[in-house]
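The primary structure of each chain is shown beneath.
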Amino acid sequence: MSEAVRKRLGADERREEIIRVTLELAARQGVDDVTTQDMAQAMGVTQGAVFRHFPSKDAIWLAVMQWVRDRMMAVLTRAAAQGHDPLDALQRMFFAHIAFIAGHPAIPRVLTSEHLHGRNAVLRQLVTEIMLAYEAKIAHLLQDGQIAKQVRPDLDTQAAATLYIGMIQGLVLQTSILRGQRTLAAEAARTFPVFLAAVRTPSPTQGTHP
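Worth saying up front: this structure is predicted, and the values here are computed from it rather than measured.

A word on the packing of aromatic side chains. Counted according to the given criterion, the structure contains 8 aromatic pairs. Centroid distance Phe-94 to Tyr-164: 5.6 Å. Interplanar angle 85 degrees. Geometry classified as edge-to-face. Residue Phe-94 is located in helix H5 (residues 86–103), and its partner Tyr-164 is located in helix H9 (residues 157–177); the two are separated by 70 residues in the primary sequence. Accessibility classification places Phe-94 together with Tyr-164 in one group, the buried group. Taking 5.8 Å as the distance between ring centres and 35 degrees as the angle between the ring planes, the aromatic pair formed by Phe-192 and Phe-195 counts as tilted. Taken as a pair, Phe-192 and Phe-195 lie in helix H10 (residues 184–199) at a separation of 3 residues, close to a single helical turn. In this structure Phe-195 comes out as buried when scored by relative accessible area, which is 5%.

Set out below in structure tokens:
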């Protein structure tokens with residue numbers, strides 16, 4: 001391996017470490033309060049070492065957003081591909097997303113941080129793209145479910161996709177507030193069947209009386 005390649009790999013690894021540390025700090029102390037000094041201290045390096053890999057703090061947050069987008073969409077795509085049918089794929093995506101958030105609890109804070117989005121149009125645009133791509137993926141699965149007659153033909157798939165994402169956001173907020181009383185995984189397992197029942201095609205006997 002050439003010296004140039006070794007240096008590039010070393011730089012990539014250090015950038016990845018900065019991103020990971022930034023997410024860990026955001027989970028502990030909130031997005032707004034994370035400083036480059038905090039990042040450097042957590043890594044045992046100087047601020048100058050951090051800025052050798054990123055030209056600014058905003059550049060770090062942009063890299064964090066890109067990391068989240070790439071990792072999360074890869075996880076969701078892999079989960080959906082394992083589904084036996086559209087609704088199974090949708091369910092696998094939901095719980096894969098829940099597990100991803102549980103493993104990286106700062107991600108919802110980063111994606112919804114007004115502090116970041118309000119001052120940086122590039123970050124705001126990236127988050128918008130992430131949200132729209134995710135909504136489109138969910139809506140497409142629901143449309144496939146309608147074709148397969150699993151999903152109600154009268155369902156507004158776009159509205160249902162918005163509700164799906166809102167359900168995850170709501171669960172994250174709820175379990176964050178009720179920390180120690182409810183877990184994200186348990187609440188997700190209790191909630192998702194309600195969503196599934198609402199979108200699923202009713203059985204022929206549903207609603208009839210003896």
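Okay, helix H8 (residues 121–147) next. For H8, which comprises 27 residues, the first-to-last C-alpha distance of 39 Å matches the rise-based estimate of 39 Å (1.5 Å per residue) to within 8%. Residues of H8 that are buried include every one of Leu-123, Leu-126, Val-127, Ile-130, Tyr-134, Glu-135, Ile-138, Ala-139, Leu-141, Leu-142 and Gly-145, and no others. Each element contacted by the buried residues of H8 is listed here: helix H4 (57–81), H5, helix H6 (107–111), helix H7 (114–117), H9 and H10. Looking one or two residues beyond H8, the residue adopting positive phi is Lys-149, at roughly 65 degrees.

For Val-110, the position within the fold is in helix H6. Val-110 sits 71 residues away from Met-39 along the chain, and the two C-alpha atoms are 16 Å apart. Discounting residues that sit within four places of it in the chain, Val-110 has contacts with Leu-23, Val-31, Trp-61, Val-64, Met-65, Leu-116 and His-117.

Core analysis: the biggest nonpolar cluster contains 66 residues, and Trp-61, Phe-94, Ile-138 and Tyr-164 have the highest contact counts within it. Only helix H1 (3–29), helix H2 (36–43), H4, H5, H6, H8, H9 and H10 provide two or more residues apiece to this core. Ile-138 has contacts with Leu-90, Met-93, Ala-161, Tyr-164 and Ile-165, leaving out every residue within four places of it along the chain.

Attention now moves to unusual backbone geometry. The backbone of Lys-149 shows a phi angle near 65 degrees, a positive value even though the residue is not glycine. Along the chain, Lys-149 falls in the loop between H8 and H9.

Let us look at the packing of H8 against H9. To describe two helices that pack against each other, one gives the angle between their axes and the distance between the axes. Where H8 meets H9, the closest approach of the two axes is 8 Å, and the angle between their N-to-C directions is 125 degrees. With respect to H9, the axis of H8 lies oblique. With respect to the hand of their crossing, H8 and H9 are arranged in right-handed fashion. Along its contact with H8, which presents Met-131, Tyr-134, Glu-135, Ile-138, Ala-139, Leu-142, Gln-143 and Gln-146, the element H9 presents Thr-157, Gln-158, Ala-160, Ala-161, Thr-162, Tyr-164, Ile-165, Ile-168 and Gln-169.

Let's shift gears to the pattern of salt bridges. Tallying each qualifying case throughout the model produces 7 salt bridges. Where Glu-24 meets Arg-20, a salt bridge forms, and the shortest distance between an N and an O atom there is 3.0 Å. With Glu-24 and Arg-20 both in helix H1, this residue pair falls 4 residues apart, about one helical turn. Look at Arg-20 and you get partly exposed, because its relative accessible area is 41%. Where Asp-88 meets Arg-92, a salt bridge forms, and the shortest distance between an N and an O atom there is 3.0 Å. You can see Asp-88 and its partner Arg-92 sitting in helix H5, 4 residues apart, about one turn around the helix. Residue Asp-88 is classed as buried on the basis of its relative accessible area, which comes to 18%.

Its place among the elements puts Val-127 in helix H8. Counting along the chain gives 58 residues from Val-127 to Ala-185, while the straight-line C-alpha distance between them is 24 Å. Every residue in contact with Val-127, bar those within four places of it in the chain, is listed here: Met-65, Leu-111 and His-117.

Conventions and cut-offs
Residues numbered from 1 in each chain as written. Predicted model: local features only at pLDDT ≥ 70, side-chain atom pairs only at ≥ 80, totals over all residues. Heavy atoms only, no water. Phe/Tyr/Trp six-rings, centres within 6.5 Å; stacked < 30°, edge-to-face > 60°. Helix = DSSP H or I, 4+ residues; strand = E, 2+ residues; numbered from the N terminus. Buried < 20%, exposed > 50% of the residue type's maximum accessible area, 1.4 Å probe, protein only. Expected span 1.5 Å × (residues − 1). Contact = heavy atoms within 4.5 Å. Core = buried A, V, L, I, M, F, W, Y, C linked by side-chain atoms within 4.5 Å. Axes fitted to C-alpha atoms, helices over the stretch in contact; angles between N-to-C directions. Parallel < 35°, antiparallel > 145°, perpendicular 65-115°, else oblique. Left-handed = near helix turned anticlockwise from the far one by under 90°. Salt bridge = Lys/Arg side-chain N within 4 Å of Asp/Glu carboxyl O.

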